[in-house]
Amino acid sequence: MKRLLFLALPALLWAESYEEILGRIDSSLAMKSATQMQMAAREMAESAKGKNLPTLDADFTASWLKDTPTATFHIGPTPTKAPMGKKRNFDGALTLKYPLFTGFAITAAIDKAAWQHRQASLKVLDLKRNLYLNATKLIAAIDATDHRLEALKKAKKATDDALKKAQGLYDNGLLPPADLYNIQAKSYEIEAEVTDTASQRSQLLNTLSRIANYPIESVTFHDRSTMMDKEAIEKEALSDREDIRALKAALKVHDEEIRLAKSRYYPTVGTAAALKRMGDTPALNGNDIMNADETYIGASLSWNLFNGFSDHHRIEAARYQKLSAATSLADYKNRVKTELDNAFLQLAALKSRLLSAKMEEKAKEAYYKLTEGRFENQLASADELSRSIADLAAARAKVAALKSQIFNQKAAIILMSGLENFEREYMGSSKKR
């Protein structure tokens, strides 16, 4: 039994602090995966910028015609055919192209990719915020199991002491066998509760270790005296929280989608210049008929005048998509505000329950001491003593659990205001719990 308790309650010297665990989450597999997606979005944004630069292409083609190209000349009574090329032809060109105007399509595509990169970056931060939330909940639950184990340990010791006294009374014929067996049964019951609680603790640690991608054997944390200004927290959450900023970035992406759709209403203008040669050999020295040098410079203009109203409908679709995103953002903000309101109400309820639980703990402790004395004087039964021991253990565990829940609730509220606020206000100086 002592060995089990030793394994279930390792020394704080080996415990991972709250800040250390969150630091490990920063390099977890989930964060690495999200960061890699962010890097992909960054590269796509850089790739989009290339559309605004000239392109340089090198081409080399070879072809063999079935017949020699000829031209017919009507000179005199009989038409005359003359060769105009060779069956074997080689062409080589180095072409430079640059889009002068695309109806703002290129700039819209570049800006869209930049906002998508911004959105991906904010999603990484929001993932970290949610991982912090999950880790905080697990740490609080582990702390509660630690204190429950501690309360059970004290209850086991009290039960063992009572069992020794009961055994003495029984040996002197002053206690019936049923009362002795009752205390023995309570001792086994507490031992089973210790085993079950230790198992729950191990499961919670396994889950926390998976999130952090690091084996964690024990945890400890410090409660903060952070100011919980509800109005300030709600204001910061609605303006600066990472998920809300990501949704705002999504609106910018939709703006660029509209610009892209409108670009179809404009003409596209481009220029091109090429160093080009041809010939009937790979040396590109001509074919004794046509000039070898076909170098050119040119410009092009293309303007779609009608395409069945598809451009109009594409613009309208983009506008409705933005309207939908804006409506979703407004609804999301309302949900965040509601969640924060409920979180503050829950925090107030937890504080009230903690005050009540502390008073209950004092009452249970006084009743246990009274019952213990009465039992020694044979004024209370073994069943009463066992119940008083169990009730005191439950009251102590309840107080510890509520303290852990309050720690979790405070951290959750600050995290609900945004990761930046949490790191600024909550990860700094702390006060021993």
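Everything quoted here is computed from the prediction, not taken from an experiment.

So, the overall build of the chain
- The helix and strand tally for the chain stands at ten helices and eight strands.
- Rg of the C-alpha trace for the chain: 39 Å, well past the compact-globule value of 22 Å for 433 residues, more than 25% over.
- When burial is assessed residue by residue, the chain has 39% of its 433 residues classed as buried.
- For the chain, the computed accessible surface area is about 24,600 Å², with 56% contributed by carbon and sulfur atoms.
- Averaging the coordinates of the 63 positive side-chain charges in the chain and doing the same for the 55 negative ones gives two points 2 Å apart.

Points about the nonpolar core
- Among the nonpolar cores identified, the biggest contains 51 residues, and Tyr-18, Ile-25, Ile-139, Leu-208, Val-219, Ile-413 and Phe-422 are the most heavily contacted of them.
- No other element matches the eleven residues that helix 8 (residues 310-376) contributes to this core.

Observations concerning the side chain of Asp-311
- Topologically, Asp-311 is positioned in helix 8.
- On the basis of relative accessibility, which here comes to 6%, the residue Asp-311 falls in the buried class.
- In this view, Asp-311 contacts Arg-264, Tyr-265 and Asn-304; residues no more than four positions away in its chain are not counted.

Points about the pairing of strand 7 (residues 268-279)
- The sheet contact formed by strand 5 (residues 88-101) and strand 7 spans eleven bridges and is antiparallel. Of the residues in strand 7, the one forming a bridge with Phe-101 is Val-269.
- Sheet topology places strand 7 next to strand 8 (residues 296-302); seven bridges connect them, and they run antiparallel. Bridge pairing in strand 8 links Thr-268 to Ser-302.

Focus on the packing of helix 4 (residues 105-171) against helix 7 (residues 242-262)
- Where helix 4 meets helix 7, the axes come as close as 8 Å, and the angle between the chain directions of the two elements is 165 degrees. As summarised for this structure, helix 4 and helix 7 are arranged roughly antiparallel, according to the angle between their axes. Our pair here, helix 4 against helix 7, has a crossing hand that is left-handed.
- A breakdown of the residues in the contact of helix 4 with helix 7 according to their chemical character gives eleven nonpolar, three polar and 13 charged.

A look at helix 5 (residues 177-212)
- Taking 1.5 Å of rise per residue, 36 residues should cover 52 Å, and helix 5 covers 53 Å from first to last C-alpha, within 8% of that figure.
- Of the residues trailing helix 5, Asn-213 is marked for its positive phi of about 55 degrees.

Overview of the sheet that holds strand 5
- Here we have four strands laid out as an open sheet, ordered 2-5-7-8, and antiparallel in their pairing. Of all strands in the sheet, those bounded by a partner on one side alone are strand 2 (55-64) and strand 8. On average, each strand axis in the sheet is tilted by 25 degrees relative to the strand beside it, whichever way the strands run.
- Sheet topology places strand 2 next to strand 5; ten bridges connect them, and they run antiparallel. Residue pairing for strand 5: Asp-57 is matched across the bridge by Thr-95.

Side note on unusual backbone geometry
- The backbone of Phe-104 sits at a positive phi, close to 70 degrees, despite the residue not being glycine.
- Its place among the elements puts Phe-104 in the loop between strand 5 and helix 4.
- Using a relative accessible area of 43% as the deciding quantity, one classes Phe-104 as partly exposed.
- Not every positive phi belongs to a glycine, and Phe-309 is a case in point at roughly 65 degrees.
- Relative to the assigned elements, Phe-309 resides in the loop between strand 8 and helix 8.

Conventions we followed
Residues numbered from 1 in each chain as written. Predicted model: local features only at pLDDT ≥ 70, side-chain atom pairs only at ≥ 80, totals over all residues. Heavy atoms only, no water. Helix = DSSP H or I, 4+ residues; strand = E, 2+ residues; numbered from the N terminus. Rg over C-alpha atoms; globule rule 2.2 N^0.38 Å. Buried < 20%, exposed > 50% of the residue type's maximum accessible area, 1.4 Å probe, protein only. Areas by Shrake-Rupley, 256 points an atom, 1.4 Å probe, with all protein chains shown as cover. Lys, Arg positive; Asp, Glu negative; His and termini not counted. Charge placed at Lys NZ, Arg CZ, Asp CG, Glu CD. Core = buried A, V, L, I, M, F, W, Y, C linked by side-chain atoms within 4.5 Å. Contact = heavy atoms within 4.5 Å. Pairing = 2+ DSSP bridges. Axes fitted to C-alpha atoms, helices over the stretch in contact; angles between N-to-C directions. Parallel < 35°, antiparallel > 145°, perpendicular 65-115°, else oblique. Left-handed = near helix turned anticlockwise from the far one by under 90°. Nonpolar A, V, L, I, M, F, W, Y, C, P; charged D, E, K, R; others polar. Expected span 1.5 Å × (residues − 1).

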